[in-house]
Amino acid sequence: MPWRDDEFVQGVIELNAQIMAWIGLGPNRAETTPIALAASSELTDTMLPYVRERRSNSGDDLISEVWRIGPTVLSDFVEADAMGICRDLLMGGTDTTTHALANALYLLLANTKISEAMLVDRPARVPLFVEEALRLYGTVQYRLRFANQDCDVGGIQVKKNDLLITINAAANRDPTKYSCPADVNLNRPRPREHLAFNTGPRNCVGAALARTEMIEAISALLNQTSYLRLNSQLPAPHFHGHFTRSFGPLHVSFDPAPSFFALR
Ligand code: HEM
């Protein structure tokens, strides 16, 4: 079985999209539930041969790493555990980054001042811009938590086992935490202090990878000789989605770079 198989990757992306569409729809799921369930079983069937193969034919890829590390953490580590972790990584690592990239791109396209600010000292500024894009338009809007003890959250009494819905997107614009919270500010004192990946003992295991992917993608776009702009002839983007949100459609056109873009 090849280590990289485009047909396999494409199939997995499509199945994943069907499951994510179900998650993104909120409560109205009558039509999408059977589609998502079928996609979920097909996803397991599609991935299983690859997960099995890496067990005996190990390489330097992530699935092999799961097989190597898993049994050192759980003494009764079995195939279902490896499969669960791989599926979790797939779900956690695809839709989130896609949306985060769309949001970062939208911010750049919609704010010429920001794209101009990126012309100078780009290696230092792109990572700061990525943090601001994550803070302002983080993909994951909210998380669910059960309280493990009675506590007080901002003056509200919470009882043990109460369900809390933490709106990370709102906290990321808290004016008591961020000055001018709706603005992109490349000089925030602690730029990584936001909740796009959540915080505390349970947070995003892929945060470092996601940051790297976003920095690389935004840098590559800014390094082009042509520049992107929103195509005003086509429908304008809007922020859409439920659990994971992004701007779309992003109709862009590639124009010759104006003179200030030559400043790179
Ligand atoms: C910009 C992109 C991403 C965003 C905004 C994001 C955000 C998040 C958030 C908010 C959580 C929830 C933490 C919690 O409250 O339990 C999470 C969990 C998770 N993320 Fe990410 N993530 C991103 C990219 C990735 C990537 C690239 C991977 C893997 C390659 C990944 C894998 C996971 C996994 C496996 C979990 C579940 C962790 C657990 O169950 O404890 N994420 N992510």
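In what follows, the accompanying structure is described.

Points about the pattern of salt bridges
- Overall, the coordinates contain 11 salt bridges when judged by the stated rule.
- The salt bridge involving Arg68 is made with Glu65; its shortest N-O contact spans 2.8 Å. Taken together, the positions of Arg68 and Glu65, both in helix 3 (residues 62-73) and 3 residues apart, correspond to about one turn of that helix.
- Residue class for Arg68 comes out partly exposed when judged on its relative accessible area of 41%.
- Classification of Glu65 as partly exposed rests on a relative accessible area of 33%.
- Note that Glu193 is salt-bridged to Arg190, the shortest N-O span being 3.0 Å.
- One continuous salt-bridge network, built from bridges that share partners, spans Glu53, Arg54 and Asp61.

Structural notes on a nonpolar patch on the surface
- Taken together, the side chains of Leu144, Phe146, Leu163, Ile165 and Ile167 make up a nonpolar region of the molecular surface, amounting to roughly 520 Å² of accessible area.
- Going through the elements one at a time, strand 1 (143-146) and strand 4 (163-166) are the ones with two or more residues in the nonpolar patch.
- Examined against the element boundaries, Ile165 turns out to sit in strand 4.
- The exposed category is assigned to Ile165, whose relative accessible area is 52%.

Some remarks on the layout of surface pockets
- Roughly 380 Å³ of internal volume is contained in the second largest pocket.
- Listed by contribution, the elements that provide at least two residues to the lining of the second largest pocket are strand 1, strand 4 and helix 8 (168-171).
- Tallied by class, the residues present in the lining of the second largest pocket amount to 8 nonpolar, 5 polar and 2 charged.

Thoughts on the site of the ligand
- Around the ligand there are 22 residues in total, and Arg143, Arg145, Asn198, Arg202 and Cys204 lie nearest to it.
- In the model, an oxygen atom of the ligand is placed 2.9 Å from a nitrogen or oxygen of the Arg143 side chain.
- Between an oxygen atom of the ligand and a side-chain N or O atom of Arg145, the distance comes to 2.7 Å.
- Going through the elements one at a time, helix 4 (79-93), helix 5 (95-110), strand 1 and helix 9 (207-222) are the ones with two or more residues in the shell around the ligand.

Comments concerning the packing of helix 7 (residues 122-136) against helix 9
- Running from N to C, helix 7 and helix 9 cross one another at 120°; their axes reach a closest spacing of 9 Å. As far as their axial angle goes, helix 9 and helix 7 are oblique. Of the two possible hands of crossing, helix 7 and helix 9 adopt the one that is right-handed. Facing helix 7, whose interface residues are Arg122, Val126, Pro127, Phe129, Val130, Glu131 and Leu134, helix 9 presents Arg211, Met214, Ile215, Ile218, Ser219 and Leu222.
- Partitioning the contact of helix 7 with helix 9 into residue classes produces 9 nonpolar, 1 polar and 3 charged.

Looking at the packing of helix 2 (residues 32-56) against helix 4
- Two elements in contact, helix 2 and helix 4, have axes whose closest approach is 10 Å; the angle formed by their N-to-C orientations is 115°. Helix 2 and helix 4 meet at a crossing whose hand is right-handed. On the side of helix 2, the interface is formed by Ser40, Leu43, Thr44, Met47, Leu48, Val51 and Arg52, while helix 4 contributes Glu79, Ala82, Met83, Cys86, Arg87 and Leu90.
- Of the residues contributing to the contact of helix 2 with helix 4, the split by class is 8 nonpolar, 2 polar and 3 charged.

What counts, and at which threshold
Counting of residues starts from 1 at the beginning of each chain's written sequence and follows it residue by residue. With pLDDT at 70 or above as the cut-off, local features in this predicted model cover only qualifying residues; side-chain atom pairs require 80 or more to be listed or tallied, and sums for whole chains, interfaces and linings still use all residues. Heavy atoms from the whole structure form the basis of all side-chain values; hydrogens and water molecules are not counted. Here, a salt bridge means any side-chain nitrogen of Lys or Arg that lies within 4 Å of a carboxyl oxygen of Asp or Glu. The secondary structure listing takes helices from DSSP runs of H or I that are at least 4 residues long and strands from runs of E that are at least 2 residues long, numbered from the N terminus. Burial classification: accessible surface area is computed with a 1.4 Å probe over protein chains only, and a residue below 20% of its type maximum counts as buried, one above 50% as exposed, and the rest as partly exposed. Here a patch means residues that are over 30% exposed by relative accessible area and free of salt bridges, tied together within 9 Å if like-charged and within 5 Å if nonpolar (Val, Leu, Ile, Met, Phe, Trp, Tyr). What sets the accessible areas is the Shrake-Rupley method with a 1.4 Å probe; for residues, cover comes only from the shown protein chains. In the cavity and pocket records, a cavity denotes points on a 1 Å grid over the protein atoms alone where a 1.4 Å probe fits but cannot get out, a pocket denotes an open set with protein on both sides within 12 Å along at least 5 of 7 lines, and lining residues are residues with an atom within 4 Å of a point. Grid points are joined across faces, edges and corners, and a volume is the space filled by probe spheres set on the points. Each residue is assigned to one of three groups, with Ala, Val, Leu, Ile, Met, Phe, Trp, Tyr, Cys and Pro labelled nonpolar, Asp, Glu, Lys and Arg labelled charged, and all others, Gly among them, labelled polar. Here, proximity means that at least one heavy atom of the residue falls within 4 Å of the molecule or strand. Pairing of N or O atoms within 3.5 Å defines a polar contact, subject to two protein rules: one partner must be a possible hydrogen donor and the other a possible acceptor, and residues neighboring in sequence count only if both atoms are side-chain atoms. Only the stretch in contact is used when a helix axis is fitted, and all axes are lines through C-alpha atoms; the angle between N-to-C directions ranges over 0 to 180 degrees. If an angle is under 35 degrees, it is roughly parallel; if it is over 145, roughly antiparallel; if it lies from 65 to 115, roughly perpendicular; otherwise it is oblique. Working rule for handedness: look at the near helix, and if it is turned counterclockwise from the far one by less than a right angle, call the crossing left-handed; if clockwise, right-handed. Here, residues are in contact when the closest pair of their heavy atoms is within 4.5 Å.

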